[in-house]
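Residue strings, one per chain:
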Amino acid sequence: MTTLPMPAVRPANPNFSSGPCAKRPGWSVEALKGAAVGRSHRAKIGKARLEQAIDLTREVLQVPADWRIGIVPASDTGAVEMALWSLLGARGVDMIAWESFGAGWITDVVKQLRLPDVRRIEAGYGELPDLSTIDFDRDVVFTWNGTTSGVRVPNADFIPADRTGLTICDATSAAFAQRLDFQKLDVVTFSWQKVLGGEAAHGMLILSPRAVERLESYVPAWPLPKIFRWTRNGKWTGAFLGAETLNTPSLHSSRI
Ligand SMILES: Cc1ncc(COP(=O)(O)O)c(C=O)c1O
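First, a word on what this report is: a plain description of the structure on this page. Note that the structure is predicted; figures quoted are calculated from it, not measured.

## Side note on the overall build of the protein
In terms of regular secondary structure, the protein is built from four helices and eleven strands. Over its C-alpha atoms the protein spans a radius of gyration of 19 Å, differing by no more than 12% from the 18 Å that the globule rule assigns to 256 residues. The C-alpha extent of the protein, read off along each of the three principal axes, is 60 × 50 × 30 Å. Across the 256 residues of the protein, 34% fall into the buried class. Long-range pairs, those at least 24 residues apart, make up 68% of the contacts in the protein with a sequence separation of at least 6.

Take a look at the structure:
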């Protein structure tokens, strides 16, 4: 076995940065000065902060105007689970994984949702699977940047513009660090605790018009708990979008 020598050059900030990430350079507690502490997220000021977080997300990530952005419970994991449980089952699914988080989404789809038509397209640590074998007329679930192996997709060129399935992308280690091509992505999830170095607990879910169409036209065969429910009697309730969070976010989060 080869033993690698200890690197002579160390990073300026040696803290583990896979998440929760370090604060941005120059951050200090002063940044929390205007935080709406002690106020309700349903109050005017709280709602305005949440709206600002969504507006800035759209602006910085260049999310198209007709893609919807919501703040959802349970960090990136909550956002991914919400997408899997609410959208999958309408057609076959290709699950793509090359490290532990992608593998975890496969476990959920195969062992918890128990979908009958699942193809697993996988590679070991340090490698990317053959993306040309993905069938985009099926739904496709993949991780943009595989945090635990450090392997990412190079870009979104492998995704056809005229796909009929949905692409569900766990982009938590990519959003704000790597360019995301939203025209090729129907569901994008991430959490503030990653690249932004913000607070944990809530996740972000970005939905294309085709993903919204699926939500409004497809009712999964399984029951959905309150934290995953978008529709009532087959109708969109507006839940999880804009400043309408289901449960209580920390208003520190809006002052990252
Ligand atoms: C690729 C990937 N997906 C999901 C998660 C889970 O993120 P969260 O703790 O925000 O739910 C992580 C966190 O490390 C991750 O790296």
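## Regarding the site of the ligand
As a structural note, the neighbourhood of the ligand is formed by twelve residues, with Ser75, Asp76, Thr77, Thr147 and Ser191 the closest of them. Per-element tally for the shell around the ligand: the top contributor is helix α2 (residues 75-87), with three residues. Classifying every residue of the shell around the ligand gives one nonpolar, nine polar and two charged.

## Concerning the environment of Ala175
Structurally, Ala175 is set in the loop between β7 (167-170) and β8 (187-191). Separated by 118 residues in the primary sequence, Ala175 and Thr57 have C-alpha atoms spaced 9.7 Å apart. Once residues lying within four places of it in the same chain are set aside, the contact partners of Ala175 are Leu61, Leu180, Phe190 and Val195.

## Side note on helix α1 (residues 44-61)
In this model, α1 (18 residues) spans 26 Å end to end at C-alpha, consistent with the 26 Å of a helix rising 1.5 Å per residue. Where α1 is concerned, the buried positions are Arg49, Leu50, Ala53 and Ile54. For α1, the buried positions fall inside an angular range of 135° around the axis, keeping them on one side. Every exposed residue of α1 that faces more than 90 degrees away from the buried side is listed here: Lys44, Asp55, Leu56 and Glu59. Where α1 is buried, its residues touch β1 (68-73). A positive backbone phi angle near 55° is found at Gln62, which sits one or two residues after α1.

What counts and what doesn't
- Residues numbered from 1 in each chain as written.
- Predicted model: local features only at pLDDT ≥ 70, side-chain atom pairs only at ≥ 80, totals over all residues.
- Helix = DSSP H or I, 4+ residues; strand = E, 2+ residues; numbered from the N terminus.
- Rg over C-alpha atoms; globule rule 2.2 N^0.38 Å.
- Buried ≥ 20, exposed ≤ 12 C-beta atoms within 10 Å, placed from the backbone.
- Contact = placed C-beta atoms within 7 Å.
- Near = placed C-beta within 6 Å.
- Nonpolar A, V, L, I, M, F, W, Y, C, P; charged D, E, K, R; others polar.
- Expected span 1.5 Å × (residues − 1).
- Arc of directions from axis to C-beta.

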